Amino acid sequence: MQERLWTGAVAAIFLAIVSGVAEHRRQRRSNLDRVGLAPWPLIQFLSLLTAVILGGLAMHLF
């Protein structure tokens, strides 16, 4: 069970990194008319929150 929590935490951290890169690319786009549909800052915040919760649960079970 603990391995699943750590795997989920690592996956959430990876998603936070990807969403941070996507937000950076969105802010620096050359064509301002090409807006994205994904709310990258919200995705990044929620994935970081998920990583903290899963990491905390995994450490509590240790």
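Check the entry above for the structure.
Described below are features of the structure shown in this document. Fair warning: this is a prediction, and the values are worked out from it, not measured in the lab.

Rules behind the numbers
Residues numbered from 1 in each chain as written. Predicted model: local features only at pLDDT ≥ 70, side-chain atom pairs only at ≥ 80, totals over all residues. Heavy atoms only, no water. Helix = DSSP H or I, 4+ residues; strand = E, 2+ residues; numbered from the N terminus. Rg over C-alpha atoms; globule rule 2.2 N^0.38 Å. Buried < 20%, exposed > 50% of the residue type's maximum accessible area, 1.4 Å probe, protein only. Contact = heavy atoms within 4.5 Å. Areas by Shrake-Rupley, 256 points an atom, 1.4 Å probe, with all protein chains shown as cover. Expected span 1.5 Å × (residues − 1). Polar contact = N/O pair within 3.5 Å; in protein donor to acceptor, adjacent residues only side chain to side chain.

## Here we look at the overall build of the chain
Turning to step 1, where the next piece is worked out: Looking only at helices and strands, the chain features 2 helices and 0 strands.
Turning to step 2, where the next piece is worked out: Its C-alpha atoms give the chain a radius of gyration of 15 Å, more than 25% over the compact-globule value 11 Å for 62 residues.
Turning to step 3, where the next piece is worked out: On the principal axes, the C-alpha backbone points of the chain span a range of 50 × 15 × 15 Å.
Turning to step 4, where the next piece is worked out: The buried share of the chain, reckoned over its 62 residues, is 19%.
Turning to step 5, where the next piece is worked out: Of the contacts made within the chain by residues no fewer than 6 positions apart, 84% connect residues no fewer than 24 positions apart.
Turning to step 6, where the next piece is worked out: Approximately 5100 Å² of the chain is accessible, and the part contributed by carbon and sulfur atoms is 68%.

## So, the environment of Val 18
Turning to step 1, where the next piece is worked out: You can see Val 18 is positioned in helix H1 (residues 2-27).
Turning to step 2, where the next piece is worked out: In this structure the C-alpha to C-alpha distance between Val 18 and Trp 40, which are 22 residues apart in sequence, comes to 9.1 Å.

## Considering H1
Turning to step 1, where the next piece is worked out: Over its 26 residues, H1 extends 38 Å from the first C-alpha to the last, a length consistent with the 38 Å expected when each residue adds 1.5 Å.
Turning to step 2, where the next piece is worked out: Within H1, the full set of buried residues consists of Leu 5, Ala 9, Ala 12, Ala 16, Ser 19, Ala 22 and Glu 23.
Turning to step 3, where the next piece is worked out: Looking at the packing, one finds that the buried side of H1 touches helix H2 (40-61).

## As for the side chain of Ser 19
Turning to step 1, where the next piece is worked out: Relative to the elements of secondary structure, Ser 19 occurs in helix H1.
Turning to step 2, where the next piece is worked out: Within the structure, Ser 19 has its side chain in polar contact with the backbone oxygen of Ala 16 (distance 2.9 Å).

## Things to note about the side chain of Glu 23
Turning to step 1, where the next piece is worked out: Mapped onto the elements, Glu 23 comes out in helix H1.
Turning to step 2, where the next piece is worked out: In this structure Glu 23 touches Trp 40 and Pro 41, once residues within four positions along its chain are discounted.

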